[in-house]
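Working through the structure, step by step
Letter by letter, the chains look like this.
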Amino acid sequence: MTQLPLRAQLASALGRTAATLSRVTGRGDGSVIGGRVGLILEPDLLRKLAADRKLVLVSATNGKTTTTRLITSELQELGEVATNAFGANMPAGHVSALSQSKQAPFAVLEVDEKYLPEVLDTTGASVVCLMNLSRDQMDRAAEIWLLAQKWRRALAGQDVHVVANCDDPLVTWGASTAARVTWVSCGQPWKEDSWCCPECGGPLDRKGDDWACRECTFRRPEPAWVLDDDAVIDPRRQRWVLDLSLPGRANRANAAIALAVAELFGMPVQQALPRLREVTSVAGRYTMVERDGRAMRLLLAKNPAGWLEAFEVSDPALPIILSVNAQGPDGRDTSWLWDVDYRILSGRPVYVTGERRLDLALRLDVAGVPFQLCESFAEAVTRQAPGRVDVIANYTAFQQIRAEFGRAL
């Protein structure tokens, strides 16, 4: 790779030092502060660090971190890969990730949906993955139709290959201005944000995964890759069973996207599949932790679509702890709780905690789901009998729980 200019080298080195200090002093994993320091010293540092790398950007409302991890695992078969493994998905996090692996020929970066146009323009990435768009942190990110429109404008005229989920009409609309698109059919369980055509505003007719506008020509493209239950069908119509270590339909969808990306890098499915199976936990998600005879599985859910996925993975025979905060990274507005159908929890012992536990308690009460209110996560744990427990938490609540267990990965 081309050597960085002296100023960029200094900025990168000081950023890495700041990141290290953050870790050793217990203030965080350093994935944000290191990038911020580097960008103060060299505002164009991200562009310089991205130069001469084969770079993949991954963006979606749900599944970004996991899909980034899966693609990274695949590409490590080809060489060193720089990546923001802990989900710091804005430019400071990207700078930190690239600075930590200066010589890596490949990079896979999770990107916040709102920042995708800026990061694509800055890095000149050759591949972009777009998986889903649904309501999330609307007090910060605004309407998802506006995000899809920003994607359309950013991709138009760019020399980039897009891998996109054609089952999501908003993603399809956002990706359709790209010159090259590999369409993947990987499902859209949460459809409540895409009943209207983003092109003309007319109603969408939906049958299974297929969809088409009733009033204009906008319709679902023909997919090259198809998720078929526990397998993926490739462009040559060969069926490959996904024997993943990560649970649930959502992770099989993430794997389908990852396999389509691997093929763009010349990696056949039979070479990529074993790499996908090696991924067992993603930044704490799906991790099993133990305390006083209780074995707890940690699940992350940040928005209505994410809760739907977490419920699908959760074991209905087990008690469940729910924890909700409303800090900046979560979005201050908790009205999205009313979009989640919590009746699926009926019949299970439910324990509610987190900074906004009263908001969640009211929602459960209206849904007719009995629960026990707990002042803290520790109290919720102590109320459990020895055995297995599922835990679902939104972003900052999840990070607080991880911190209690030494940031288990």
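Residues numbered from 1 in each chain as written. Predicted model: local features only at pLDDT ≥ 70, side-chain atom pairs only at ≥ 80, totals over all residues. Heavy atoms only, no water.

If you walk through the whole model with that rule in mind, you get six aromatic pairs. For the pair W211 and F218, a centre-to-centre distance of 5.0 Å together with 45° between the ring planes defines the contact as tilted. In terms of burial, W211 and F218 fall into one category: buried. Plain terms: the ring middles of F311 and Y342 are 5.9 Å apart, the flat faces sit at 75° to each other, and that makes the pair edge-to-face. In this pair, F311 sits in helix α12 (residues 304–313) while Y342 sits in the loop between β14 (320–323) and β15 (350–353), placing the two residues 31 residues apart along the sequence. You'll find F311 and Y342 in the same group, each marked buried. Stacked on the ring of W195, the Lys or Arg R206 has its end atom at 5.7 Å from the ring centre. (Phe/Tyr/Trp six-rings, centres within 6.5 Å; stacked < 30°, edge-to-face > 60°. Buried < 20%, exposed > 50% of the residue type's maximum accessible area, 1.4 Å probe, protein only. Helix = DSSP H or I, 4+ residues; strand = E, 2+ residues; numbered from the N terminus. Lys NZ or Arg CZ within 6 Å of the ring centre and 35° of its normal.)

Relative orientation of the contacting elements helix α2 (residues 33–41) and helix α5 (residues 91–100) amounts to 95°, with a least axis distance of 7 Å. One way to sum up the angle between α2 and α5 is to call them roughly perpendicular. In this structure, α2 contributes G35, R36 and L39 to the contact, and α5 contributes P91, A92, V95 and S96. Partitioned by chemical class, the residues of the contact of α2 with α5 number four nonpolar, two polar and one charged. (Axes fitted to C-alpha atoms, helices over the stretch in contact; angles between N-to-C directions. Parallel < 35°, antiparallel > 145°, perpendicular 65-115°, else oblique. Contact = heavy atoms within 4.5 Å. Nonpolar A, V, L, I, M, F, W, Y, C, P; charged D, E, K, R; others polar.)

Once that is clear, we can look at the UniProt feature "active site" (unreviewed entry) in the chain. As annotated by UniProt and renumbered to match this structure, "active site" (unreviewed entry) occupies D333. Topologically, D333 is positioned in the loop between β14 and β15. Taking the relative accessible area as the measure of exposure, D333 reaches 42% and is therefore partly exposed. (UniProt positions renumbered as here; feature names shortened; annotations may be inferred.)

What follows covers the sheet that holds strand β1 (residues 54–59). Within a sheet, each strand pairs with its neighbour through backbone hydrogen bonds, oriented either parallel or antiparallel. With mixed pairing, nine strands are arranged side by side in an open sheet as β2-β3-β1-β4-β5-β6-β9-β10-β11. Either end of the sheet is taken by a strand with one partner, and the two such strands are β2 (81–83) and β11 (239–241). Each neighbouring strand pair of the sheet contributes to a mean axis angle of 20°, computed without reference to strand direction. Inspection of the sheet shows strand β5 (residues 161–165) paired to strand β6 (residues 180–185) by five bridges, in the parallel sense. In the strand pairing of β6, V162 is matched with V181. Those strands touched by α5 are β2 and β3 (106–110), and its axis lies near 155° from that of β3. (Pairing = 2+ DSSP bridges.)

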